[in-house]
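Each chain, letter by letter, is given below.
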Amino acid sequence: MPQADEILNNPFLNKGTAFTQAERQTLGLVGTLPSQVQTIDEQAQQAYLQFQNRPTNLAKRLYLMDLFNENRTLFFHLMGEHVAEFMPIVYDPTVSDSIESYSHLFKDPQDAAFISVDAPDDIEATLRNAANGRDIRLIVVTDAEGILGIGDWGVDGVDIAVGKLMVYTAAAGINPAQVLAVSIDAGTNNQKLLNDPLYLGNRHARVTGDAYYAVIDRFVQAEQKLFPDALLHWEDFGRDHAKVILDKYKDRLATFNDDIQGTGMVVLAGVLGAMNIAHENIQDQKFMVFGAGTAGMGIASQILDELTRTGLSVAAAKQRIYAVDKQGLLFNDTPDLTAAQREFTRDRSEFRQADALTTLTAAVKAVHPTVLIGTSTQPGAFTEEIVKDMAAHTSRPVIFPLSNPTKLAEAKAADLIAWTSGRALVATGIPTPDVTYRGVTYQIGQGNNALMYPGLGFGLMAATAKVLNGETLSAACHALGGLVDTTQPGAAVLPPVSQITAFSQTIAEVVAQSVLDQQLNREPITDAKQAVAAMKWVPEY
Ligand SMILES: NC(=O)c1ccc[n+]([C@@H]2O[C@H](COP(=O)([O-])OP(=O)(O)OC[C@H]3O[C@@H](n4cnc5c(N)ncnc54)[C@H](O)[C@@H]3O)[C@@H](O)[C@H]2O)c1
Ligand SMILES: O=C(O)C[C@H](O)C(=O)O
Ligand SMILES: [Mn+2]
């Protein structure tokens, strides 16, 4: 039997003051706790008061992380009661503050696995030690080269993996004992970190090329060997690595890249919601993606997939998608295109003054997009001039400034509503409060992959999916995209985060059904709903 301190210091076992007198007797805890036995609701009430007393969002997050490290059941019980309030604290945008001061605030490794590029022989032991005998079914791994829009954060980026997993459990009900956050510390090119005596990661430049991919491969092999049933979620890898890694493994194991696919899916769902509200057809839209990186090209691919499913040829569908990056509109002769960008370039002959299309403003004026998506990390890039030009050529301009965190968003929802006299259909990467304009209250959808990946991942896990394919991705997009309330003026293009547990369940069921329909399940499962229900973890003692 474990010692009292092993129980009280283990967040998966600890119930604190909720241990009953009988449990205290049998577990050797007599006298180790104050005499009152509390219910989980009483504990949650006390914890919520503590939370409210913290003066800043970062301080609130630090308090919640202490609770998470002490008692995971209580943490998730409390988060379940305040999910919309806690999301921006444990997750984006406050997670970005915690990453920016991770090494300075470090207290607890939060059960993550820390892989070092300098010790590839330790990878298997690292995963085994961090799992500590737990039956791992879900891994979120990051090398933190492209954390949100704030760049390279080395080992400090591990908090995004921890934060994504917290959302998985809160939104979908994944057992927190079955998840593992993994940091791959490949070095960092962030000079500030390299110069910081308190920095906790490897103090050298990022390892790239064969040596880097060899470490990724050894990690995948080790996680497959140790946790053959686990779903593998890639997060915030750099633009040059993210797609290469995904393409290498996506047909071999149950895996997805959240920035490429999760983002593509949530954006398509938001566009489908916008089409419902505007009573328009997706085939008639002209899409412009500003910031043609990992997320931007994932979005372009998911839109392309949808357009072809509605009957357009690939060539005709690509004609409706325009990618803009630092160079301006991307042409087939633009230098330094990435592999993903090459799929979405234009021919100069399509435009009268192609050489002038070197800015977003010029591209918008030439193309008149009806849908504008921002994944550029360029704050304020969606100017009044751009938005008014769009609004002059379409009745309901669809505009999603998605760059995170808050300081990087391409526009503010309130400005977009005002500049278009209330006609814009808006979603933002971070949560945005309602906007009231000329007597109408506009709800702003959160165009964040957090609306998608928990349900997607849970459905794949419950169905024991062998791989994730385009069919299942599309089914999940339609599950989320079909949930808008089109009857209200000012309705959001995506359902509110306050309903995240309900719609994550819907997405999970649709995803699991799609896996079963295609016979992509490892285990003999016949009832998707039942499989999802059976896997759901509830934060009660
Ligand atoms: N809301 C969401 O769910 C979600 C999901 C993923 C990413 N994002 C956000 O999208 C942004 C990009 O993330 P990513 O992972 O794709 O990064 P990335 O580095 O892969 O892509 C960013 C792209 O923007 C381009 N860019 C930079 N400066 C530019 C400029 N001045 N003009 C035009 N393009 C410019 C870069 O060249 C690059 O191609 C981040 O802020 C991230 O937080 C949001
Ligand atoms: O983490 C987020 O908030 C969404 C997304 O994965 C991002 O990288 O910005
Ligand atoms: Mn991300």
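Bear in mind that the values here come from a model prediction, so they are computed numbers and not experimental data.

Per the counting criterion, the structure on display carries 15 aromatic pairs. A ring pair is formed by Phe75 and Phe76, whose centres lie 4.8 Å apart and whose planes are at 80°; its orientation type is edge-to-face. For the residue pair Phe75 and Phe76, the accessibility class agrees, reading buried in each case. Ring centres of Tyr212 and Tyr213 lie 5.3 Å apart, and the angle between their planes is 80°; on these two criteria the pair is classed as edge-to-face. Residue class for Tyr212 comes out buried when judged on its relative accessible area of 2%. By way of ring pairs, the aromatic residues Phe68, Phe75, Phe76 and Trp537 are connected into one cluster. For Arg72, the ring lying beneath its charged end belongs to Phe68, and the centroid distance is 3.8 Å.

Topologically, Ile245 is positioned in helix 13 (residues 239-249). The buried category is assigned to Ile245, whose relative accessible area is 1%. Each C-alpha atom of the pair Ile245 and Phe256 lies 9.9 Å from the other, and the pair is 11 residues apart in sequence. Those residues in contact with Ile245 that sit more than four places away from it in its chain are Tyr212, Tyr213, Ile216, Trp234 and Phe237.

Counted according to the given criterion, the structure contains 25 salt bridges. Residues Glu23 and Lys15 are paired through a salt bridge, measuring 2.5 Å at the closest nitrogen-oxygen approach. Each of the salt bridges in this network shares a partner with another, and the network as a whole consists of Glu124, Arg128 and Lys225.

Note on placement: Val435 falls in strand 12 (residues 435-437). By relative accessible area, which is 9% here, Val435 ends up buried. Along the chain, Val435 and Lys286 lie 149 residues apart, while their C-alpha atoms are 26 Å from each other. Excluding residues that lie within four positions of it along the chain, Val435 makes contacts with Ala413, Ala414, Ile417, Val440, Thr441, Tyr442 and Ile444.

Attention now goes to the domain arrangement of the protein. When cut into domains, the protein gives domain 1 (4-69) and domain 2 (261-452 + 473-499). Placing the centre of domain 1 and that of domain 2 at their C-alpha centroids yields a distance of 44 Å.

Turning our attention to the site of ligand 2. The environment of ligand 2 is made up of Tyr91, Asp92, Leu148, Lys164, Glu235, Asp236, Asp258, Asp259, Asn404, Asn448 and Asn449. Residue Asp259 places a side-chain N or O atom 3.1 Å away from an oxygen atom belonging to ligand 2. A distance of 3.0 Å separates an oxygen atom of ligand 2 from a polar atom in the side chain of Asn404. Coverage of ligand 2 by the protein chains reaches 91% of its 260 Å² of free accessible surface. The residue makeup of the shell around ligand 2, split by class, is 2 nonpolar, 3 polar and 6 charged.

For the rest of this paragraph, the subject is the sheet that holds strand 11 (residues 425-428). Read from one edge to the other, the open sheet built from 7 strands follows the order 8-7-6-9-10-11-14, with strand pairing classed as mixed. Two strands in the sheet have a free side with no partner beyond their single neighbour: strand 8 (328-329) and strand 14 (445-446). By the bridge criterion, 4 bridges tie strand 6 (residues 287-290) to strand 9 (residues 371-374) in an arrangement that is parallel. Pairing of Phe290 across the sheet is with Gly374, part of strand 9. Sheet strands touched by helix 14 (residues 258-278): strand 6, strand 9, strand 10 (398-401) and strand 11. Its angle to strand 10, the strand with the most contacts, is close to 150°.

Take the coordination of the manganese ion (ligand 3) next. Around the manganese ion (ligand 3), the protein supplies Glu235 (OE), Asp236 (OD) and Asp259 (OD) as donor atoms, at distances of 2.0 to 2.1 Å. Positions of the donor residues of the manganese ion (ligand 3) along the chain correspond to the pattern E-D-x22-D. With Glu235 in strand 4 (residues 231-235) and Asp259 in helix 14, the pair connects residues that are 24 residues apart, well separated along the chain. Across the pair, exposure class does not vary: Glu235 and Asp259 are buried alike.

Looking now at helix 21 (residues 453-462). Taking burial as the measure, the 10 residues of helix 21 include 10 buried ones, the bulk of the element. Among the residues of helix 21, those classed as buried are Tyr453, Pro454, Gly455, Leu456, Gly457, Phe458, Gly459, Leu460, Met461 and Ala462. A positive phi of about 50° marks Thr464, the residue just after helix 21.

Bringing the environment of Ala230 into the picture now. Mapped onto the secondary structure, Ala230 falls in the loop between helix 12 (209-226) and strand 4. For Ala230, a relative accessible area of 5% gives the class buried. Ala230 sits 27 residues away from Arg203 along the chain, and the two C-alpha atoms are 31 Å apart. Beyond its immediate chain neighbours, meaning those up to four positions away, Ala230 contacts Ile136, Arg137, Leu138, Ile139, Glu223 and Ala254.

Moving on to the UniProt feature "domain: Malic enzyme N-terminal" (unreviewed entry) in the protein. UniProt tags residues 68-250 as "domain: Malic enzyme N-terminal" (unreviewed entry). Helix makes up 49% of residues 68-250 and strand makes up 11%, while its end C-alpha atoms are separated by 32 Å.

Glancing now at the site of ligand 1. Looking at ligand 1, there are 24 residues lining it, with Arg239, Thr294, Ala295, Asp325 and Gly447 nearest. Within the side chain of Arg239, one N or O atom sits 2.7 Å away from an oxygen atom of ligand 1. Contacts to ligand 1 include Gly447, whose backbone N or O atom sits 2.8 Å from a nitrogen atom. Considering ligand 1 on its own, with 850 Å² of exposed area, one finds that the protein chains cover 87% of that surface. Classifying every residue of the shell around ligand 1 gives 5 nonpolar, 15 polar and 4 charged.

Conventions we followed
Residues numbered from 1 in each chain as written. Chains lettered and ligands numbered in written order. Predicted model: local features only at pLDDT ≥ 70, side-chain atom pairs only at ≥ 80, totals over all residues. Heavy atoms only, no water. Phe/Tyr/Trp six-rings, centres within 6.5 Å; stacked < 30°, edge-to-face > 60°. Buried < 20%, exposed > 50% of the residue type's maximum accessible area, 1.4 Å probe, protein only. Lys NZ or Arg CZ within 6 Å of the ring centre and 35° of its normal. Helix = DSSP H or I, 4+ residues; strand = E, 2+ residues; numbered from the N terminus. Contact = heavy atoms within 4.5 Å. Salt bridge = Lys/Arg side-chain N within 4 Å of Asp/Glu carboxyl O. Domains from an automatic or database assignment. Near = heavy atom within 4 Å. Polar contact = N/O pair within 3.5 Å; in protein donor to acceptor, adjacent residues only side chain to side chain. Areas by Shrake-Rupley, 256 points an atom, 1.4 Å probe, with all protein chains shown as cover. Nonpolar A, V, L, I, M, F, W, Y, C, P; charged D, E, K, R; others polar. Pairing = 2+ DSSP bridges. Axes fitted to C-alpha atoms, helices over the stretch in contact; angles between N-to-C directions. Donors = N, O, S within 2.8 Å, 3.2 Å for Na, K, Ca; no water. UniProt positions renumbered as here; feature names shortened; annotations may be inferred.

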